[in-house]
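What follows is each chain in one-letter form.
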Amino acid sequence: MNFPAPTPEEWLAADPDPVTRAELQELMASGDREGIADRFGDRLRFGTAGIRGPMGAGPNRMNRVVVRQFAAALAGWLPESAGVVIGHDARLNSDMFASDIALLLAAAGCRPLLLAPQSPTPVLAFAVTHFGAQAGVMVTASHNPPGDNGLKLYLADGAQVIPPYDHEMEAAMAAQPLPPAGLPPRGPDPQWPQSVDVVDEYLNTILSNVTLYGAFHPLAYTPLQGVGLPVLTRALERIGNGLPFVVEDEAEPDPQFRNVVSPNPENHDTLAKVIRRAVQIDTPLALATDPDADRMAAAVWAYENEWRVLTGDEIGALLCDWMLSTTRGGDERVVASSIVSGRLVGRIAEARGATHVETLTGFKWIARAADNLQPRADGRRWRLVFGYEEALGYACNEKVRDKDGISAALHFVALCRALVAEDGWAPIQRLQVLMEEFGLHRTEQVVVKLHGRVGSEVMDTIRRARPDRLGAIEVVEATDYRDGVGGLHPADVLRFDLADGSRVSLRPSGTEPLIKGYMEVVGDVRFPDPLPSLSEAVRELILDLL
């Protein structure tokens, strides 16, 4: 059954956290009806892979009460005595949330395993299948602003939760009564929860398919005050690349991210410090991982006195080409990319004899791209060799069924070593060769903040408007993925194919109040460059309809 929405007074009685209790008491004492309504008028919903949002009091914030409701719902949803792996990053309250989940699951008869403190998200994804667990929970808000936190839910196959299971869990959470403020007594078996460390096993796995040519390649690196440094350092030492040259004031975890421009490496300004560090040590390579180390960004020296922050699609093309050149096999090798990512990887895959699969946005779909193909007549197993989405997420080892910034960094370093050893090239030159082989592929993203509007409502407004032109270019085909295109699960995505071969895709963010537009220009190098005018046309379309 669905329990009625709690009152602030009832919430106070259930909340064990003095910080959020004080916040709510102040709102109640001051008569702040708007603040209370914002926290109690709704509840956190399942998004891309779980729940995520600002920390604070009430059902519409991340806090210990919501976390305990999640744990109770998960315990009821899983089979009896289920194994659950739990990890957490370095954000504020992440350790406390993880501890609450572990203790509540143990009390309910589950067998929770707690990873080492401040673990990267890909280590958690690996650990789920490594231990044969029925689920995994990662406490993280990834690259969100400092005041946010969240929970990612993984299924027994080691990949993020998908429909209908996310809807089932959301319904189970909604049906939970407010938990008591105190934790329940230990479970029927006092050996649970247990603490485990799987970093060595994780490193052995992701290093198993790293092909090494050439010698040490120096690199500058920043974990953006997240959790990536210890594990990536061990990995680089294992491939003979020594310690990275780290941005010192971004090296140690900080839940407030005081020394970074943004926790999100998609923001190019965020890489300014690591580029300066690269210049200091005279290396042409600068890498960053986001706070939970599941995404990777790269900047490379391009020309004399010029650096280029590579786009997610450019890194994707380089890694796709690299992975296919260093793996054996034919069309049983699968390359997967999302519907809003660039088309270059599909053309590389086809030319290199691999099978390309286009999925919905999100690694819950990309990681399962090979699983969903029809069995082969020749009996060979489909193998996911590479998967990516333009938002700096890359999968380079099928044993880690999620995006993995650490594994991607290792392969990018190996790629750079090979380019220098074989041709004396840098990544930018390899990109130019790929463009010569497959034609121009340039992409760009437009992000529009909604300022209180609901993303799905804005998308419906765009559907009704159905533009027949974007800027000066005619729309020749419009595709609505809400209709379940090509056997894909229905998704709130619109795609417009234009008369000049360009493509525009629009979707609401799954974690933030944003509409994202993805532009791609394909063909010969053209002057003037059409991408800026197309991006401006897309921005104007969205803003005019807000």
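In this report, we go over the structure that sits alongside the text. Note that the structure is a prediction, hence the values are computed from the model and not measured.

Turning next to the packing of aromatic side chains. Enumeration over the complete set of coordinates arrives at seven aromatic pairs. Taking 6.1 Å as the distance between ring centres and 65 degrees as the angle between the ring planes, the aromatic pair formed by Trp77 and Tyr165 counts as edge-to-face. Taken together, the residues Trp77 in helix α4 (residues 64-77) and Tyr165 in helix α7 (residues 165-174) connect sequence positions 88 residues apart. Given a relative accessible area of 24%, Trp77 falls into the partly exposed group. Consider the rings of Phe386 and Tyr394, whose centres lie 6.5 Å apart with planes at 15 degrees: the pair is stacked. Looking at Tyr394, the relative accessible area reads 1%, which means it is buried. Among the aromatic residues, those joined into a cluster by ring pairs are Phe386, Tyr388 and Tyr394. Seen from the ring of Trp382, Arg376 lies directly overhead, with NZ or CZ sitting 4.6 Å from the centre.

Put simply, Pro163 and Pro164 share a cis peptide bond, and its omega is 5 degrees. Take Pro164: it is sitting in the loop between β5 (148-155) and α7. Cis rather than trans, the peptide bond between Trp192 and Pro193 has omega equal to 0 degrees. Checked against the element boundaries, Pro193 lands in the loop between α7 and β6 (194-195). Positive phi, normally seen in glycine, also occurs at Gln118, with a value near 60 degrees. In this model, Phe257 sits at a positive phi of 50 degrees, which is unusual for a non-glycine residue. Examined against the element boundaries, Phe257 turns out to sit in the loop between β8 (245-246) and α10 (272-281).

For the rest of this paragraph, the subject is the packing of helix α6 (residues 121-130) against helix α8 (residues 199-207). When two helices pack together, you describe them by how their axes are tilted relative to each other and by the distance separating the axes. With their axes 10 Å apart at the nearest point, α6 and α8 run at an angle of 95 degrees to one another. Between α6 and α8, the interaxial angle falls into the category roughly perpendicular. When α6 is examined against α8, the residues Pro122, Val123, Phe126 and His130 are found in contact with a partner set consisting of Glu201, Tyr202 and Thr205. Residue classes in the contact of α6 with α8 are distributed as four nonpolar, two polar and one charged.

Right, let's talk about the environment of Asn93 for a bit. Looking at where Asn93 falls in the secondary structure, it is placed in the loop between β2 (83-88) and α5 (94-107). Among residues more than four places away in sequence, those in contact with Asn93 are Met55 and Asn149.

All right, on to the pairing of strand β11 (residues 306-309) then. Residues in a regular strand project their side chains so that they alternate between the two faces of the sheet. The two faces of β11 differ: Trp307 and Val309 on one face are buried, but Glu306 and Arg308 on the other face are not. Linking two consecutive strands that pair antiparallel, namely strand β10 (residues 296-303) and β11, is a turn of two residues; a positive phi of about 60 degrees is found at Asn305 within it.

Right, let's talk about the sheet that holds strand β13 (residues 355-359) for a bit. Adjacent strands of a sheet pair through backbone hydrogen bonds, lying either parallel or antiparallel. As summarised here, the arrangement of the four strands in space is β13-β12-β14-β15, forming an open sheet in which the pairing is mixed. At either end of the open sheet lies a strand with only one pairing partner, and these are β13 and β15 (393-395). Pairwise comparison of adjacent strand axes, ignoring direction, gives a mean angle of 15 degrees for this sheet. Sheet topology places strand β12 (residues 333-338) next to strand β14 (residues 383-389); five bridges connect them, and they run parallel. When the sheet's bridge partners are listed, Ser337 is paired in β14 with Tyr388. Along the sheet face, helix α12 (residues 344-351) touches β12, β13 and β14 and points at about 155 degrees away from the line of β13.

The next thing to look at is the packing of helix α11 (residues 312-325) against α12. Closest axis-to-axis distance for the α11/α12 pair is 9 Å, and the angle between their directions is 15 degrees. When the axes of α11 and α12 are compared, the pair comes out roughly parallel. Of the two elements, α11 crosses α12, and the hand of that crossing is right-handed. Taking contact as the criterion, the partners of Gly316, Ala317, Cys320, Asp321 and Leu324 in α11 are, on α12, Leu344, Val345, Ile348 and Ala349. Of the residues that constitute the contact of α11 with α12, the class distribution is seven nonpolar, one polar and one charged.

Parameters and conventions
- Position numbers for residues count from 1 along each chain, tracking the sequence in the order it is written.
- Local features are withheld for residues below a pLDDT of 70 in this predicted model, meaning they are given only at 70 or higher, and side-chain atom pairs are given and counted only at 80 or more; totals for whole chains, interfaces and linings count all residues.
- Side-chain numbers come from the whole structure's heavy atoms, not from hydrogens or water.
- Think of it this way: a Phe, Tyr or Trp ring, Trp meaning its six-membered ring, pairs with another when their centres are within 6.5 Å, and the plane angle makes it stacked under 30 degrees, edge-to-face over 60, tilted otherwise.
- Secondary structure counts use DSSP, requiring at least four H or I residues in a row for a helix and at least two E residues in a row for a strand, with both numbered from the N terminus.
- Relative accessible area decides the class of each residue, using a 1.4 Å probe on protein chains only: under 20% of the type maximum gives buried, over 50% gives exposed, and in between gives partly exposed.
- Two thresholds decide whether a charge sits over a ring: the Lys NZ or Arg CZ must be within 6 Å of the ring centre and within 35 degrees of the ring normal.
- For helices, the axis comes from a line fit to the C-alpha atoms of the stretch in contact; other axes are also lines fit to C-alpha atoms, and the angle between any two N-to-C directions lies between 0 and 180 degrees.
- Orientation is classified from the angle alone, with under 35 degrees giving roughly parallel, over 145 giving roughly antiparallel, 65 to 115 giving roughly perpendicular, and any other angle giving oblique.
- Only heavy atoms enter the contact rule, under which two residues are in contact if any of them lie within 4.5 Å.
- Under this grouping Gly is polar, as are all residues other than the nonpolar Ala, Val, Leu, Ile, Met, Phe, Trp, Tyr, Cys and Pro and the charged Asp, Glu, Lys and Arg.
- When DSSP finds at least two bridges between two strands, those strands are taken to pair.
- Crossings are sorted by hand: turned counterclockwise from the far helix by less than a right angle, the near helix makes the crossing left-handed, and turned clockwise it makes it right-handed.

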